[in-house]
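Observations on the model geometry
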Amino acid sequence: MTWLVEVDGRTCIGSGICAGAAPDHFALVDGESRPVRAETGPDDRVIDAAESCPVEAITVRAKGTGELLAPVE
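Computed from a predicted structure; not experimentally measured.

Below, the discussion takes up the pattern of salt bridges. Summed over the entire model, instances satisfying the criterion amount to five salt bridges. Close ionic contact of arginine 45 with aspartate 24 constitutes a salt bridge, the shortest N to O distance being 3.6 Å. Here arginine 45, found in helix H2 (residues 44–52), pairs with aspartate 24, found in the loop between helix H1 (17–21) and strand E2 (26–29); they are 21 residues apart in sequence, far enough to count as distant. The exposure class of arginine 45 is partly exposed, given its relative accessible area of 33%. For glutamate 32, the salt bridge is made with arginine 34, and the minimal N-O distance between the two is 3.2 Å. Taking the relative accessible area as the measure of exposure, arginine 34 reaches 37% and is therefore partly exposed. The network of salt bridges with shared partners includes Asp24, Asp43 and Arg45.

With that settled, consider the sheet that holds strand E1 (residues 3–7). One open sheet accounts for four strands, arranged E4-E1-E5-E6; its pairing is antiparallel. The sheet terminates laterally at strand E4 (39–40) and strand E6 (68–70), the two strands that pair on one side only. Summarising the sheet, E1 and E4 pair through two bridges and their orientation is antiparallel. In the strand pairing of E4, tryptophan 3 is matched with threonine 40.

Below, the discussion takes up the environment of isoleucine 17. Among the secondary structure elements, isoleucine 17 is positioned in helix H1. It is 15 Å that separates the C-alpha atoms of isoleucine 17 and valine 5, two residues lying 12 residues apart in sequence. Among residues more than four places away in sequence, those in contact with isoleucine 17 are Ser52 and Pro54.

The two faces of the sheet receive side chains in turn, since in a regular strand these alternate between them. Note that E2 and strand E3 (residues 32–35) share four bridges and pair antiparallel. Each residue of the ladder has a partner; that of leucine 28, found in E3, is serine 33. Here E2 folds back onto E3 in antiparallel fashion, the turn holding two residues, of which aspartate 30 has a positive phi close to 50°.

Definitions and limits used
- Residues numbered from 1 in each chain as written.
- Predicted model: local features only at pLDDT ≥ 70, side-chain atom pairs only at ≥ 80, totals over all residues.
- Heavy atoms only, no water.
- Salt bridge = Lys/Arg side-chain N within 4 Å of Asp/Glu carboxyl O.
- Helix = DSSP H or I, 4+ residues; strand = E, 2+ residues; numbered from the N terminus.
- Buried < 20%, exposed > 50% of the residue type's maximum accessible area, 1.4 Å probe, protein only.
- Pairing = 2+ DSSP bridges.
- Contact = heavy atoms within 4.5 Å.

What follows is the structure in structure tokens.
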């Protein structure tokens, strides 16, 4: 399974929690988070980062189905 990782730049406040939780998957660029790769294999750290984002700027979806994996309510 492949995951699609997106960060909404208009929502991101640059807290850096995602980069701290999953440094292989997120980087801060000019004060905003960016996914290192738009597609990745399953990794609990990516889900943790999305769930930890204080403004829910990160979404993780299953490629192919579009199922929202994180954040979940």
